[in-house]
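These are the residues of each chain, in order.
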Amino acid sequence: MVFPVSNSPSPGEPEVPEQARCFRPYIIGAIWCLGMVTALRVFPLLYITGSLIGFMQLFAGVRAVASPNMDVRWLICFGVISTLNGILDLVRFVDVVTHVPAPLLHSWNSSPATFHIDGKDIETAMPNYLWNIDVITMGALPLVSLSAAYLVACVIQITIASMPDELGEIDRVLDSVPQQGPSQPSARSFTPFSGKSYKL
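Residues numbered from 1 in each chain as written. Predicted model: local features only at pLDDT ≥ 70, side-chain atom pairs only at ≥ 80, totals over all residues. Heavy atoms only, no water.

**Q** What is the right way to look at the overall build of the chain in this model?
**A** Looking only at helices and strands, the chain has 5 helices and 2 strands in total. Scanning the chain from its N terminus toward the C terminus, one meets helices and strands in the order α-α-α-β-β-α-α. Counting every position in the chain, which comprises 200 residues, the buried fraction comes to 34%. When contacts within the chain are restricted to residue pairs at least 6 apart in sequence, long-range pairs at least 24 apart make up 67% of them. Summed over its atoms, the accessible surface of the chain is roughly 13500 Å², and 67% of this surface lies on carbon and sulfur atoms. (Helix = DSSP H or I, 4+ residues; strand = E, 2+ residues; numbered from the N terminus. Buried < 20%, exposed > 50% of the residue type's maximum accessible area, 1.4 Å probe, protein only. Contact = heavy atoms within 4.5 Å. Areas by Shrake-Rupley, 256 points an atom, 1.4 Å probe, with all protein chains shown as cover.)

Written as structure tokens, this is what we have:
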């Protein structure tokens with residue numbers, strides 16, 4: 001199995017319907033892609049502090065799909081973190097693309113990455129292959145995160161759409177309870193100010 005399976009559902013937790021469970025392999029694939037991208041940013045590039053949110057995102061995703069039925073609460077956490085992280089990573093990637101001079105990618109060798117700015121060649125301390133890995137993973141993060149958020153949104157939407165029958169049953173139970181009011185008087189045996197008065 002890809003992830004450890006827990007067969008003990010939480011009490012009171014809404015169950016993911018069968019038609020929404022077909023998204024589980026795609027969510028697992030998105031988690032694996034996210035894990036590989038995060039690993040590339042941690043080990044070769046040493047972006048450890050910047051990857052903390054990515055580790056939280058991975059943890060929530062693994063907990064969400066650990067059971068074949070999927071955990072709705074962890075799915076929501078994974079979807080929210082993926083949406084926020086994807087938007088922030090997309091803004092950062094667009095900022096880099098618009099401000100870094102061309103070419104964005106260089107040849108895959110160990111020579112320092114060089115940029116041609118104002119007629120001068122400026123070398124960076126980062127080798128070409130690390131620069132390419134940085135740019136590619138920076139662009140892959142928002143793509144994978146927003147794709148995972150979309151898959152989670154589809155699962156949640158199907159789960160919510162399958163719940164009106166349960167909500168309707170609750171409404172029917174509440175309607176069957178006798179209501180008290182002007183149209184349906186109270187069945188209490190005691191009514192204030194309705195008894196005999198006594199003088200001292």
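**Q** Is there a simple way to explain the pattern of salt bridges in this structure?
**A** Oppositely charged side chains may form a pair once their charged atoms are brought near each other. One pass over the full model with this rule turns up 4 salt bridges. For the salt bridge of Arg21 with Glu18, the shortest nitrogen-to-oxygen distance reads 2.9 Å. Across the pair Asp71 and Arg73 runs a salt bridge whose closest N-O atoms are separated by 3.8 Å. A residue is classified by how much of its surface remains accessible, and Asp71, at 11% relative accessible area, is buried. (Salt bridge = Lys/Arg side-chain N within 4 Å of Asp/Glu carboxyl O.)

**Q** Mind showing me how you'd approach the packing of helix α1 (residues 24–42) against helix α2 (residues 52–65) here?
**A** Put simply, α1 and α2 touch, their axes get as near as 10 Å, and they point 155° apart. Regarding the angle of α1 to α2, the classification is roughly antiparallel. By crossing handedness, the relation of α1 to α2 is classed as left-handed. Taken together, the residues of α2 that come into contact with α1 (itself represented by Arg24, Ile27, Ile28, Ile31, Leu34, Gly35, Thr38 and Val42) are Phe55, Gln57, Leu58, Gly61, Val62 and Val65. Grouping the constituent residues of the contact of α1 with α2 by class yields 9 nonpolar, 4 polar and 1 charged. (Axes fitted to C-alpha atoms, helices over the stretch in contact; angles between N-to-C directions. Parallel < 35°, antiparallel > 145°, perpendicular 65-115°, else oblique. Left-handed = near helix turned anticlockwise from the far one by under 90°. Nonpolar A, V, L, I, M, F, W, Y, C, P; charged D, E, K, R; others polar.)

**Q** Mind showing me how you'd approach the environment of Val144 here?
**A** The residue Val144 is located in helix α4 (residues 128–161) in this model. The class for Val144 is buried, based on a relative accessible area of 14%. Along the chain, Val144 and Cys33 lie 111 residues apart, while their C-alpha atoms are 7.0 Å from each other. Val144 has contacts with Ala30, Cys33 and Leu34, leaving out every residue within four places of it along the chain.

**Q** What is the right way to look at the confidence of the model for the chain in this model?
**A** Reading fine detail from the predicted coordinates is not recommended where pLDDT is low. For the chain, per-residue confidence averages 76 on the pLDDT scale, and 62% of positions sit at 70 or higher. Of the regions scoring below 50 in pLDDT, residues 1–7 engages in 14 contacts with residues more than four places distant in sequence or in other chains. (pLDDT = per-residue confidence, 0-100.)

**Q** In this structure, what is going on with the packing of aromatic side chains? I would like to understand it.
**A** Each aromatic ring pair is summarised here by two numbers: the centre-to-centre distance and the angle between the ring planes. Counted under the stated rule, the structure contains 1 aromatic pair. Aromatic side chains Phe59 and Trp74 sit 5.5 Å apart centroid to centroid with 85° between the ring planes, which places their arrangement in the edge-to-face category. Of the two residues, Phe59 is situated in helix α2 and Trp74 in helix α3 (residues 72–99); the sequence distance between them amounts to 15 residues. Under the relative-accessibility criterion, Trp74 is labelled partly exposed at 24%. (Phe/Tyr/Trp six-rings, centres within 6.5 Å; stacked < 30°, edge-to-face > 60°.)

**Q** How should α3 be read in this particular structure?
**A** The α-helix advances 3.6 residues per turn, and as a result positions three or four apart in sequence lie on the same side. Relative to the 40 Å expected for 28 residues at 1.5 Å per residue, α3 spans 40 Å between its end C-alpha atoms, a close match to the ideal helical length. By the burial criterion, the buried members of α3 are Val72, Leu75, Phe78, Gly79, Ile81, Ser82, Asn85, Gly86, Asp89 and Val96. The N-cap residue of α3 is Asp71: its side-chain oxygen and the backbone nitrogen of Arg73 are 3.0 Å apart. (Expected span 1.5 Å × (residues − 1). Polar contact = N/O pair within 3.5 Å; in protein donor to acceptor, adjacent residues only side chain to side chain.)

**Q** Is there a simple way to think about the packing of α1 against α4 in this case?
**A** Two quantities define a packed helix pair, namely the angle between the helix axes and the distance between the axes. Across the interface, α1 lies against α4 with an axial gap of 9 Å and an inter-helix angle of 155°. Viewed along their axes, α1 and α4 adopt a mutual orientation that is roughly antiparallel. As α1 packs across α4, the resulting crossing turns out to be left-handed. Residues Tyr26, Ile27, Ala30, Cys33, Leu34, Val37, Leu40 and Arg41 of α1 form the contact with α4, whose own contacting residues are Asp134, Thr137, Met138, Ala140, Leu141, Val144, Ser145, Ala148, Leu151, Val152 and Val155.

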